[in-house]
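Listed below are the residues making up each chain.
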Number of protein chains: 2
Amino acid sequence: MKAALMFGAGDVRVVEVPDPVIQKPTEALIRVTYACVCGSDLHPYHGLADTPEGVSMGHESIGVVEEVGADVRTLVVGDTVIVPFAWSDGTCAFCRDGVHTSCVHGGFFSGAQAEKMIVPYADGTAVVVPAGTDESLMPSLLTLSDVYLTGYHAAVRGGVTAGTTVTVVGDGAVGLSAVLAAKQLGAETIILMGRHTARTDLGRELGATHLVAERGDDGVAKVMEITGGLGSHAVLEAVGHMPAYEQAYRIVRPGGTISRVGLPQYEDAPVGFGSLFGKNATLTGGPAPVRAYLEQILPQVLDGTINPGRVFDRELPLDDIAQAYRLMDSREAIKVLIRP
Amino acid sequence: MKAALMFGAGDVRVVEVPDPVIQKPTEALIRVTYACVCGSDLHPYHGLADTPEGVSMGHESIGVVEEVGADVRTLVVGDTVIVPFAWSDGTCAFCRDGVHTSCVHGGFFSGAQAEKMIVPYADGTAVVVPAGTDESLMPSLLTLSDVYLTGYHAAVRGGVTAGTTVTVVGDGAVGLSAVLAAKQLGAETIILMGRHTARTDLGRELGATHLVAERGDDGVAKVMEITGGLGSHAVLEAVGHMPAYEQAYRIVRPGGTISRVGLPQYEDAPVGFGSLFGKNATLTGGPAPVRAYLEQILPQVLDGTINPGRVFDRELPLDDIAQAYRLMDSREAIKVLIRP
């Protein structure tokens, strides 16, 4: 089959690899019908050392079940399924807590940018799309494998409810998803910090009430002005770099919450009296347990309440995935849908 | 009047200073009847540079109102009042949010280890003890100025409810208060990490179900063993030093919460994928807005439901306060009550 492999920074190629084979009775084999490139794929795209054997890429997918292991109970061949970016058994203590990304049998996918893929713990991981679902909904359904529900996780953990003032740091696809999620959860004021007008324009359509293009001191001053000097109840940090974190703790309101879903590109950060502690700010977030939210949000996509697939502004065949990385890296595209 | 001043590390003396005088119409003057030494007073006791003019000390007090400014409405001369360690106007946006320690007119007391003290924003700050309250309740009522409600804040922010597994890091008076608060909030398993048997024995009486004397890797292993390998839903960090923070993130359960009330003696700390982010752990806490809880918890002390004053194991007159600091610094005393 064809699969996208990364061989080093900036070097993604589609190559022929052996078809994956079911090895455990709890696995399913799917033919990937929709995949995409994630902002987090750009981290290795910038920094991966030369890797002659290649690294399989991609963790967001919709597919059609081609084969199931002997113990799979909830999927049958022919089902269309949404596959979250992390697999999970659905039964362990952490899955029962709704922290599926910490499942004791769990792991993070790589290899969704390919024609086929193995889904471990298929019953616990995949969610079936009702038969007959209109094909036009597939991009929005694909966002339930990661990006929209990552934004949703940010908003949920940020404690967003009716009346909350929310600031979203980052205008990438996750940030835009966080705007939409905050809107769905009833936020009144939604400030989007970003400087790419194609993105912030979409952010405005998805629910942002204010746009702040400034960064650093100027960005802080602007948010404080918008919030009447009080700061933001919830800051949804959808970038992962230190300046975004610094922005976040400077604009969070005393007693408020910073909810991070951008993969941190740092380990240590300010958390002492001068940043978080002094104003009783809460820091939360992490890899979104999208499986915990998926069945609840699926109907909202199916009935058209939300259309999170709007973050896809380009579509390319798998063969052209190198171009998809380039377009996202150069910010010419917000998020590229891939059709294997 | 007499007041305790610190002139450098290890050097606390009672000296004669001018009586404080009301300068604003919102202030009250109280005669301090009960005060105490706080674990946080030991930080300058260890590290204060020589200060010939002296630094006034103490922030926990009960007193009798001697005089009120023209705008004070809720206090009258002769009232016995509990004075939280931070003053607050009670009316600003942050006070209305319950984050009184971030009050726009607020500040932190120093000068309660003295015969008299000015209470700024007296209406918003002080809480009247009902006339006729038995004198024997005063030590427990004094803990509502800081230590018990700081432990309570840790437990509330840690999300402690019925069935929660809680680990308290630190067996000082705040840690012991956190144990009692966790018990009150319904925690089933309460693990107290500490190595001073006089303290952990009291911790056991206040509600701890397990004691862990080990630290570092051994301490982590012990907590993981007690929690069936899952970790602790809530970790209440009542120390403020980096090893306590490291302990906390290593034992917190995925999706769980670290709630800090020990004044951090660091600014930067691990918060990335390997510490907090990867397991969706939440970091919260800060200076306890005790005023937000005080009126709610006061009846529990008055009716004997809780007896948080048990953390006081010594009582000394103000004249002997240097000895109180020594006893707490050497851990011969958990917490010393001071009678000016």
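In the nomenclature of an unreviewed UniProt entry, chain A corresponds to Alcohol dehydrogenase catalytic domain-containing protein from the organism Sanguibacter inulinus. For chain A, the Sequence similarities (unreviewed entry) comment in UniProt is given as "Belongs to the zinc-containing alcohol dehydrogenase family." The UniProt entry for chain A carries the following comment under Cofactor (unreviewed entry): "Zn(2+)".

Turning our eyes to something else, we now look at the overall build of chain A. Of the regular secondary structure elements, chain A holds 11 helices and 19 strands. For 340 residues, the compact-globule estimate of 2.2 N^0.38 gives 20 Å, and chain A sits close to it at 20 Å. Just so you have it, chain A exposes about 12400 Å², and 50% of that area is on carbon and sulfur atoms. For chain A, the separation between the mean place of its 25 positive charges and that of its 39 negative charges on side chains is 5 Å.

A separate point is the UniProt feature "domain: Enoyl reductase (ER)" (unreviewed entry) in chain A. As recorded in UniProt, the feature "domain: Enoyl reductase (ER)" (unreviewed entry) lies at residues 8–338 of chain A. Overall, residues 8–338 of chain A shows 29% helix and 25% strand. The separation of its end C-alpha atoms is 21 Å.

Residues and elements named next belong to chain A. Of all nine residues in strand 15 (residues 252–260), eight are buried, a share of seventy percent or more. Relative to strand 15, strand 14 (residues 232–237) runs parallel, the two being bridged by five bridges. Within the sheet, the bridge partner assigned to A234 lies in strand 15 and is T257. A crossover connection joins strand 14 to the parallel strand 15 through helix 9 (residues 242–251); in handedness this β-α-β unit is right-handed. Relative to strand 17 (residues 282–285), strand 15 runs parallel, the two being bridged by four bridges. For T257, the partnering residue across the bridge sits in strand 17 and is T282.

This part is about the packing of helix 6 (residues 173–184) of chain B against helix 7 (residues 197–206) of chain B. Residue and element names in this part refer to chain B. One can describe the packing of helix 6 onto helix 7 by two numbers: an axis separation of 9 Å at closest approach and a directional angle of 15°. Accordingly, the angle class assigned to the pair helix 6 and helix 7 is roughly parallel. Seen along the crossing, helix 6 lies across helix 7 with a hand that is right-handed. Two secondary-structure elements touch here, helix 6 through L176, V179, L180 and K183 and helix 7 through R199, L202, G203 and L206.

A separate point is the domain arrangement of chain A. Residue and element names in this part refer to chain A. Domain parsing of chain A yields domain 1 (2–146 + 289–339) and domain 2 (148–285). A C-alpha centroid distance of 26 Å is found between domain 1 and domain 2. On the side of domain 2, 19 residues touch domain 1, which itself brings 22 residues to the contact. With both sides pooled, the region where domain 1 packs onto domain 2 buries about 1900 Å², and carbon together with sulfur makes up 64% of that total.

An α-helical turn contains 3.6 residues, so a residue and the one three or four places further along point in the same direction. Residues and elements named next belong to chain B. Here helix 10 (residues 290–302) is 13 residues long and its end C-alpha atoms lie 17 Å apart, about the 18 Å a rise of 1.5 Å per residue gives. Roughly 45° is the biggest bend found in helix 10, and it falls at Q296, with proline P299 one to four residues downstream. Looking at helix 10, one finds that the buried residues are V290, R291, Y293, L294, I297, L298 and V301. Summarising the contacts, the buried residues of helix 10 are in contact with strand 6 (80–83), helix 3 (122–125), strand 10 (127–129), helix 4 (138–142) and helix 5 (147–157). Just downstream of helix 10 lies G304, where phi reads positive at about 80°.

Rules used in this analysis
Residues numbered from 1 in each chain as written. Chains lettered and ligands numbered in written order. Predicted model: local features only at pLDDT ≥ 70, side-chain atom pairs only at ≥ 80, totals over all residues. Heavy atoms only, no water. UniProt positions renumbered as here; feature names shortened; annotations may be inferred. Helix = DSSP H or I, 4+ residues; strand = E, 2+ residues; numbered from the N terminus. Rg over C-alpha atoms; globule rule 2.2 N^0.38 Å. Areas by Shrake-Rupley, 256 points an atom, 1.4 Å probe, with all protein chains shown as cover. Lys, Arg positive; Asp, Glu negative; His and termini not counted. Charge placed at Lys NZ, Arg CZ, Asp CG, Glu CD. Buried < 20%, exposed > 50% of the residue type's maximum accessible area, 1.4 Å probe, protein only. Pairing = 2+ DSSP bridges. Right-handed = clockwise from strand over helix to strand, strands pointing away. Axes fitted to C-alpha atoms, helices over the stretch in contact; angles between N-to-C directions. Parallel < 35°, antiparallel > 145°, perpendicular 65-115°, else oblique. Left-handed = near helix turned anticlockwise from the far one by under 90°. Contact = heavy atoms within 4.5 Å. Domains from an automatic or database assignment. Buried area = accessible area lost by both parts, 1.4 Å probe. Expected span 1.5 Å × (residues − 1). Bend = angle between axes of the 7 residues up to and from the residue.

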